[in-house]
Amino acid sequence: MTGTPLTLAEVESLARTAHAGQTDKAGRPYAEHLAAVADGVRARGGDAEQIAAAWLHDSVEDDALSEEWLTAAALTPRTKAIVRAVTKRAGEAPEAYARRILATPGALLVKQADLAHNADPGRLAALDEPTRKRLTEKYTRMRALLGLDQRGRTPGQRS
């Protein structure tokens, strides 16, 4: 990266533009999820690099932005590392994905906020029963692999 990193407002704008027109499984604008994850990171005491990564956490995975864009982006190396850590790769085993998150400083907090919003009962209620069941099982397994409790907290973490 050369120059000054993008501000959080610039990262938010970029993420909203990149995901414009995308919706989540319940048909809601995808930017609502990005905002909720960024807010969740902030509420959990995350720093600016983690909040920036929260805004971008699905950008490469969802092909909203390319890996080449991420490499060249005016972001700190830590923000880029977090985005790469939380980007699920095609065919990747959940165990390998969890190990990468746990091995990347700052990534667990971003994934914790992502899982918390994904598993929000209000969001899940909007889905059909088979999808709700499949996703609930997927999120429960990932929380276990990451050492998070059912509420998505690390041992000893307060609400």
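Above this text you will find the structure in question.
Residues numbered from 1 in each chain as written. Predicted model: local features only at pLDDT ≥ 70, side-chain atom pairs only at ≥ 80, totals over all residues. Heavy atoms only, no water.

Visitor: I'd love a proper account of the packing of aromatic side chains, names of residues and values included.
Guide: Applying the stated rule across the entire model yields 0 aromatic pairs. A cation over an aromatic ring shows up here: Lys88 above the ring of Tyr97, its NZ or CZ 5.6 Å from the ring centre. (Phe/Tyr/Trp six-rings, centres within 6.5 Å; stacked < 30°, edge-to-face > 60°. Lys NZ or Arg CZ within 6 Å of the ring centre and 35° of its normal.)

Visitor: Would you mind going over the packing of helix α5 (residues 77-86) against helix α7 (residues 107-118) in detail, with residue names and values included?
Guide: Look at α5 against α7: their axes get within 9 Å of each other, and the N-to-C directions meet at 50°. Judged by the angle between their axes, α5 and α7 are oblique. Note on packing geometry: the crossing formed by α5 with α7 is right-handed. Contacts between α5 and α7 involve Ile82, Ala85 and Val86 from the former and Ala107, Val110 and Lys111 from the latter. Tallied by class, the residues present in the contact of α5 with α7 amount to 5 nonpolar, no polar and 1 charged. (Axes fitted to C-alpha atoms, helices over the stretch in contact; angles between N-to-C directions. Helix = DSSP H or I, 4+ residues; strand = E, 2+ residues; numbered from the N terminus. Parallel < 35°, antiparallel > 145°, perpendicular 65-115°, else oblique. Left-handed = near helix turned anticlockwise from the far one by under 90°. Contact = heavy atoms within 4.5 Å. Nonpolar A, V, L, I, M, F, W, Y, C, P; charged D, E, K, R; others polar.)

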